[in-house]
Amino acid sequence: METKNVILELRVKNGLSQEELAEKIYVTRQAVSRWENGETVPNIETLKLLSRLFDVSINTLLGSPRKLICQCCGMPLEDETTSREPNGEFNEEYCKWCYNEGKFAYTSLEQLTDFLVEHMSNENWPPEQARAYFEAQLPKLNYWKQKEE
């Protein structure tokens with residue numbers, strides 16, 4: 001979905017007129033109209049305000065152009081699973097289980113691997129196979145790359 005459609009849909013869903021939305025995020029009604037007509041896209045500061053107001057990620061506001069994954073565990077990220085900073089803003093790098101309220105849940109790759117193997121292995125994906133997969137894939141994620149440096 002394009003940004004213009006996302007903004008229009010969120011505004012209507014929240015029962016706001018263009019004028020009311022404009023007042024809430026400190027822009028003109030004409031700016032809102034231009035976004036909804038696809039003439040322009042909000043700047044980053046305005047996207048942050050829209051994100052807070054509608055409780056959606058900036059990625060969602062932009063029509064989800066990137067497929068986000070948690071840079072700690074590799075889980076696909078949706079707005080419902082994306083972590084938040086202590087001030088409530090989305091952190092589009094991590095899921096809410098790996099990073100919450102400014103704190104990381106896992107201090108070592110081994111700790112996360114053990115957790116994932118325990119909870120994700122099954123009769124079709126035995127623990128040894130799951131462990132080999134996670135040990136190969138997790139170190140490629142940014143969180144674990146940075147920990148190595």
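Shown above is the structure to which this text applies.
This structure is a prediction, so every number in the text was calculated from the model and none was measured. (Residues numbered from 1 in each chain as written. Predicted model: local features only at pLDDT ≥ 70, side-chain atom pairs only at ≥ 80, totals over all residues. Heavy atoms only, no water.)

### Things to note about the overall build of the chain
Okay, so step 1: When helices and strands are counted, the chain shows 8 helices and 4 strands.
Okay, so step 2: For the chain, the C-alpha radius of gyration of 19 Å lies well beyond 15 Å, the compact-globule estimate for 149 residues.
Okay, so step 3: Oriented by its inertia axes, the alpha-carbon framework of the chain measures out at about 60 × 30 × 25 Å.
Okay, so step 4: By residue count, 36% of the 149 residues in the chain fall in the buried class.
Okay, so step 5: Long-range contacts, defined here as pairs at least 24 residues apart, represent 41% of the contacts in the chain between residues at least 6 apart.
Okay, so step 6: As displayed, the chain has an accessible area near 9,100 Å², and 49% of this comes from carbon and sulfur atoms.
Okay, so step 7: Computing the positive centroid from 17 side-chain charges and the negative centroid from 25, the chain places the two 5 Å apart. (Helix = DSSP H or I, 4+ residues; strand = E, 2+ residues; numbered from the N terminus. Rg over C-alpha atoms; globule rule 2.2 N^0.38 Å. Buried < 20%, exposed > 50% of the residue type's maximum accessible area, 1.4 Å probe, protein only. Contact = heavy atoms within 4.5 Å. Areas by Shrake-Rupley, 256 points an atom, 1.4 Å probe, with all protein chains shown as cover. Lys, Arg positive; Asp, Glu negative; His and termini not counted. Charge placed at Lys NZ, Arg CZ, Asp CG, Glu CD.)

### Considering the side chain of N59
Okay, so step 1: The topology assignment puts N59 in helix α5 (residues 58-61).
Okay, so step 2: Given the relative accessible area of 7%, N59 is considered buried.
Okay, so step 3: Beyond its immediate stretch of four places on either side in the chain, N59 contacts S64, P65, R66, L68 and E92.

### With respect to the packing of aromatic side chains
Okay, so step 1: This model, assessed by the stated rule, comprises 10 aromatic pairs.
Okay, so step 2: Taking the ring centre of F90 as reference, the NZ or CZ of R84 above it sits at 4.0 Å. (Phe/Tyr/Trp six-rings, centres within 6.5 Å; stacked < 30°, edge-to-face > 60°. Lys NZ or Arg CZ within 6 Å of the ring centre and 35° of its normal.)

### Considerations on unusual backbone geometry
Leaving glycine out, the prevailing phi sign among residues is negative, and the prevailing peptide bond configuration is trans.
Okay, so step 1: Although it is not a glycine, D55 adopts a positive phi angle of roughly 55°.
Okay, so step 2: Relative accessible area serves as the criterion here: at 42%, D55 is assigned to the partly exposed category.
Okay, so step 3: Here the phi dihedral of E101 falls at roughly 55°; this positive angle occurs in a residue that is not glycine.
Okay, so step 4: Take E101: it is sitting in the loop between β3 (99-100) and β4 (103-104).
Okay, so step 5: Note on E101: relative accessible area 47%, which makes it partly exposed.

### Let's talk about helix α6 (residues 109-120)
Okay, so step 1: For α6, spanning 12 residues, the distance from its first C-alpha to its last is 16 Å, which sits close to the expected 16 Å at 1.5 Å a residue.
Okay, so step 2: By the burial criterion, the buried members of α6 are L112, T113, L116 and V117. One side of α6 carries all its buried residues, which in axial view fall inside an arc of 130°. Seen from the buried face of α6, the exposed residues on the opposite side, beyond 90 degrees, are E110 and E118.
Okay, so step 3: Summarising the contacts, the buried residues of α6 are in contact with α7 (127-137) and α8 (142-148). (Expected span 1.5 Å × (residues − 1). Arc of directions from axis to C-beta.)

Nothing here speaks to function; it is geometry throughout.
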